[in-house]
Every structure is written in structure tokens, then in C-alpha cells.
Amino acid sequence: KMKMLFEKYLPIFFLLSSFLSMYIIANGKSLLRIIAGNDFDDGLYSFVLMSLYPIHQTFGQLNGSAFYATRRTKQYANIGIVFSLIGMLITYFILKDTRINSVIDSSTGLSIKMVFINLISVNTLLWYNSKFLNLKFWKLIFDQVKVILLTGFLIFGINFLLKQVFKSTILILLFGGVIYFIMV
């Protein structure tokens, strides 16, 4: 039954989180200016990168539930500890120097680290759950890539076309959101 629930709900939740995250990513600059004003333009890359986080956090929540439900909490904790230690080590090196290779500021570096550690740790958990539940791990990975690319291509395409018609950021956000919602 756990396998059936995993196969049924994982794609739905992943699509929903990808849908919202890709909308935010595609409209990041406009949304950031509306929410925070022009003073926060330097935070755009961090804002956009952090918008990727919820996509795999969905997998993380469902993976965690599967570990708890199958009483594999020790394995779950050990995996979490390993990635927490890796994350702390990376954080140290990012914050040690205020400019990473003089290209990326520390907030962008930390955002990259957070998304990267989340992506790797969640897919590690998924690998263990796939083995335990007899799921096709590489199919799940392919499905992740496919959904992210399709939702991303769709919203960026919609925005590109709407920018040819409208000059108003608000109209692009509104019409783009409605068209994107209908198409997904």
C-alpha cells in the first residue's frame, strides 16, 4: 500500500510545487520589485534560487514520511546527519570569504548550497525508499527533470509571448499566471 501511495501522490505534489516554483522563478525580478522594491535587486539571485527549494522539499517530506512509516528512523537520521555535516562544511567555506572566487556573493553561495544539499539529500532518501518499496529510481529522477523542464519552458514561453503584447508588468504577471494555470 505504501508503494501505491508513493507512486500516486509523489508526482501530484511534485507537479504542484514545480508549478508554483517555476512561476516565481520566471517572474522573480518583477515579484521581488513588487514585494520589496528596487532596493532589493541585489537579492534577485538568492530569491530565484531559493524558489527552487520547495520543489525537492516536497520529495523530502514524502520521503521522510515513508521512513517513519516503515520504522527506518535510524537510517533516516544517519542520512540527515551526513548531509547536515556536509552542509555545515560548505557553509563555513562560503562564509569564510565574503566573495566566492570574486564572482558570487555569500547570500547567493548559501542559496546554491541550500538547494544543492536539498537536491542531493532528498534524492539519496528517494534512492533508499525506491530500493525499499521496489520503485524505479531512475524513472523518478527522469520524471523530476521532465516536470521541471516542462513547467519552466511553459512559463518562460508564456512570459516571452506576453512581453511582445504587454508592457505592463502587472498584466504580464496576471495573464501569464492565468494562462500558465490553465495550461498546466
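Look up: the structure comes first, before these words.
Bear in mind the structure is a predicted one, so any value in this text is a computation, not a measurement. (Residues numbered from 1 in each chain as written. Predicted model: local features only at pLDDT ≥ 70, side-chain atom pairs only at ≥ 80, totals over all residues. Heavy atoms only, no water.)

### Points about the packing of aromatic side chains
What counts is decided by this rule: Aromatic rings from Phe, Tyr and Trp, taking only the six-membered ring of Trp, are treated as a pair when their centres fall within 6.5 Å; an angle between ring planes under 30 degrees marks them as stacked, one over 60 as edge-to-face, and anything in between as tilted. Numbering of helices and strands runs from the N terminus; a helix is a DSSP stretch of H or I covering at least four residues, while a strand is a stretch of E covering at least two. Summary of the burial criterion: residues with accessible area below 20% of their type's maximum are buried, those above 50% are exposed, and those between are partly exposed, where the area comes from a 1.4 Å probe applied to protein chains only.
All told, the structure shown has 11 aromatic pairs when counted by the stated rule. Summarising the aromatic geometry, the rings of F14 and F59 are spaced 4.8 Å apart at their centres and angled 85 degrees between planes, so their arrangement reads as edge-to-face. One end of the pair, F14, is in helix α1 (residues 2–26); the other, F59, is in helix α4 (residues 53–69), and 45 residues separate them in sequence. Assigned by exposure class, F14 and F59 land together as buried. Here the aromatic rings of F137 and W138 are separated by 5.0 Å at their centres, their planes lie at 75 degrees, and the arrangement is edge-to-face.

### Some points on the pattern of salt bridges
Our working definition: In the sections that follow, a salt bridge refers to a side-chain nitrogen of Lys or Arg positioned within 4 Å of a carboxyl oxygen of Asp or Glu.
Counted according to the given criterion, the structure contains 3 salt bridges. Here D41 makes a salt bridge to R33, at a shortest N to O gap of 2.7 Å. D41 sits in the partly exposed class, given a relative accessible area of 28%. Note on R33: relative accessible area 35%, which makes it partly exposed. As a salt-bridge pair, K139 and D143 come within 2.8 Å of each other at their nearest N and O atoms. Taken together, the residues K139 and D143, both in helix α7 (residues 137–165) and 4 residues apart, mark about one turn of the helix.

### Overview of the side chain of H56
Which entries qualify depends on this criterion: In the analysis that follows, any N or O atom pair within 3.5 Å is treated as a polar contact, provided that within protein one partner can donate a hydrogen and the other can accept it, and provided that, for residues neighboring in sequence, both atoms belong to side chains. Note on contacts: a residue pair is in contact if any heavy atoms of the two residues lie within 4.5 Å.
One can find H56 in helix α4. Among the polar contacts made by the side chain of H56, one reaches the side chain of Q144 at a distance of 2.5 Å. Ignoring any residue separated from it by four or fewer positions in sequence, one finds H56 in contact with F14, N118, L119, V122, N123, Q144 and I148.

### Considering the nonpolar core
The nonpolar side chains of soluble globular proteins are, as a tendency, buried together. Note the threshold: We call a set of buried Ala, Val, Leu, Ile, Met, Phe, Trp, Tyr and Cys residues a nonpolar core when their side-chain atoms join them within 4.5 Å.
Residues F6, L126 and Y180 are the most contacted members of the largest nonpolar core, which totals 27 residues. Listed by contribution, the elements that provide at least two residues to this core are α1, α4, α6 (106–133), α7 and α8 (169–183). Those residues in contact with Y180, other than ones at most four positions away along the chain, are S18, F19, M22, Y23, T151, L154, I155 and I158. F67, F83, I117 and L125 belong to the second largest nonpolar core, which has 5 residues in total.

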